[in-house]
Every structure is written in structure tokens, then in C-alpha cells.
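Descriptive structure summary
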Amino acid sequence: MQSARTAQQHGMKALGFGVVGLMVYAVMIFGTLAHLEAISGYRPFDMRPFGYTYSDADQLLAGLGPNGRAYYLTRQIPLDLFYPALLALTLVSTLRWLEQRLPHRRWVRIGIATAISAAACDYAENLGVVAMILTWPDLPSHLVGSASIASTAKSALTTLAAVLVLGLGVIALRRPALS
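Residues numbered from 1 in each chain as written. Predicted model: local features only at pLDDT ≥ 70, side-chain atom pairs only at ≥ 80, totals over all residues. Heavy atoms only, no water.

1. So, the pattern of salt bridges
Formally: The salt bridge definition used is simple: a Lys or Arg side-chain nitrogen within 4 Å of an Asp or Glu carboxyl oxygen. Exposure is judged per residue with a 1.4 Å probe applied to protein chains only, and the accessible area is read against the type maximum: over 50% gives exposed, under 20% gives buried, and values in between give partly exposed.
In the structure shown here, the tally under the stated rule is 4 salt bridges. The shortest N-O distance in the salt bridge between R105 and E99 comes to 3.6 Å. Of the two residues examined, R105 and E99, each falls in the buried class. Shared partners join several salt bridges into a network, and the residues in it are R96, E99 and R105.

Given below as C-alpha cells:
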């Protein structure tokens with residue numbers, strides 16, 4: 001059982017991580033990812049929640065050209081090294097903040113595991129994207145398949161983690177704090 005002060009600290013951490021995470025996300029969505037889509041004519045890997053085929057990956061990488069591929073490696077990927085951790089820290093801190101008002105901690109633990117798993121899949125996706133860029137045009141099909149699975153898993157787990165946070169938030173905020 002955590003104290004009210006500890007819960008408040010988790011709430012402040014959630015807010016801080018969330019604000020920084022939103023800033024990084026905005027830079028990616030309106031900056032790097034928008035630029036990559038504009039120069040290639042295709043949605044970047046990061047914006048394909050249902051994955052992609054070998055043909056999709058090949059077309060994107062060809063459409064980016066050498067400068068676009070370099071931009072992906074030097075601008076988008078570095079930003080996307082921060083974002084998964086910031087999102088996971090936001091979700092975990094929010095769950096820990098809500099925990100004081102929940103009678104069953106099991107769903108908090110499930111939410112935390114889901115948020116961390118989503119971040120791990122995002123990092124696996126990033127590694128796959130880097131490997132695809134570095135091996136293109138000799139793109140191994142198993143690499144594309146693995147990166148696509150990581151993208152799909154990241155999207156599904158992130159959605160599940162967010163739904164758990166929202167659902168537990170509704171439950172927690174309707175209850176008085178447990179002592």
C-alpha cells in the first residue's frame with residue numbers, strides 16, 4: 001500500500017513524462033514523420049499500425065532515396081529512442097498514481113506489464129527499421145516480416161495499455177482513496 005504522498009509523486013511524474021512525451025510525439029508527427037511521408041509519398045513504418053508487406057517496405061525505402069533514408073536514421077530514429085520510454089513511464093506512473101484508489105492491484109500490474117511490453121516492441125520496430133534501411137536494396141523478407149510484426153504488436157499493446165489506464169482511471173476516480 002502506498003501513501004498519499006507517494007501517490008502524489010507518481011501523479012507528478014506521470015504529468016511530467018506525459019508533457020515531455022507529447023512534445024516529442026508532436027515533433028515526430030508534425031516534423032520528422034510528416035517530412036518522411038512528403039519526400040517518399042508513402043506512410044513511414046512508424047505510422048503503419050497494421051504492419052506492412054515486403055512490397056510496402058521496398059516502395060517506401062526506394063521512395064525515400066538516399067537523403068530520406070539518412071534522414072530517417074539521423075532524425076526520426078533518435079527521437080523514437082526517447083518516445084517509447086516516455087510513453088511507458090507516463091502510463092506506468094499514471095497506473096501507480098491510480099493504484100491507491102483501486103481495490104485490486106492485479107490490473108495495475110497487468111497494465112504496467114503491457115506498457116513496458118509496448119515500449120519493448122517499439123524498440124524492436126526501431127531496430128528493424130534501422131536494419132531495413134541499412135540493408136536496402138538487398139532487403140531480406142524475414143527482416144521485413146519481423147519488423148512488421150513488431151509494428152503491429154507495438155500498436156496493439158499500446159492501445160491495450162491506454163485502454164487499461166483509461167478504464168482503471170474511471171474506476172479509481174469514482175472511489176475514495178484506500179488507506
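2. A look at the layout of surface pockets
The test is simple: In this analysis, the protein atoms alone were mapped onto a 1 Å grid. Cavities are point sets where a 1.4 Å probe fits without being able to get out; pockets are open sets with protein on both sides within 12 Å along at least five of seven lines; lining residues have an atom within 4 Å of a point. Grid points are joined across faces, edges and corners, and a volume is the space filled by probe spheres set on the points. Numbering goes from the N terminus for both helices and strands, where a helix is a DSSP run of H or I of at least four residues and a strand is a run of E of at least two. In the scheme used here, Gly and all other residues not listed as nonpolar or charged are polar, with Ala, Val, Leu, Ile, Met, Phe, Trp, Tyr, Cys and Pro taken as nonpolar and Asp, Glu, Lys and Arg as charged.
Of the pockets and cavities examined, the largest pocket occupies roughly 390 Å³. Together, 26 residues line the largest pocket, and Y25, D46, Y83, D122 and K154 are the ones closest to its centre. Per-element accounting of the lining of the largest pocket gives the leading share, 7 residues, to helix α2 (residues 54–98). Of the residues contributing to the lining of the largest pocket, the split by class is 14 nonpolar, 5 polar and 7 charged.

3. Remarks on the side chain of K154
In plain terms, the rule: The contact rule is simple, with two residues in contact once any of their heavy atoms fall within 4.5 Å.
Tracing the chain through its elements places K154 in helix α4 (residues 141–173). In this view, K154 contacts D46, A118, C121, D122 and E125; residues no more than four positions away in its chain are not counted.

4. Describing the nonpolar core
Heads up, the rule is: In these notes, a set of buried Ala, Val, Leu, Ile, Met, Phe, Trp, Tyr and Cys residues joined through side-chain atoms within 4.5 Å is what counts as a nonpolar core.
With 22 residues, the main nonpolar core has F45, Y52, A57, L61, Y72, V129 and M132 as its most contacted residues. The set of elements that each furnish at least two residues to this core consists of α1 (4–40), α2, α3 (106–135) and α4. Looking at this core, the element that brings in the most residues is α2, giving 9 residues. V108, I112, L168 and A172 belong to the second largest nonpolar core, which has 12 residues in total.

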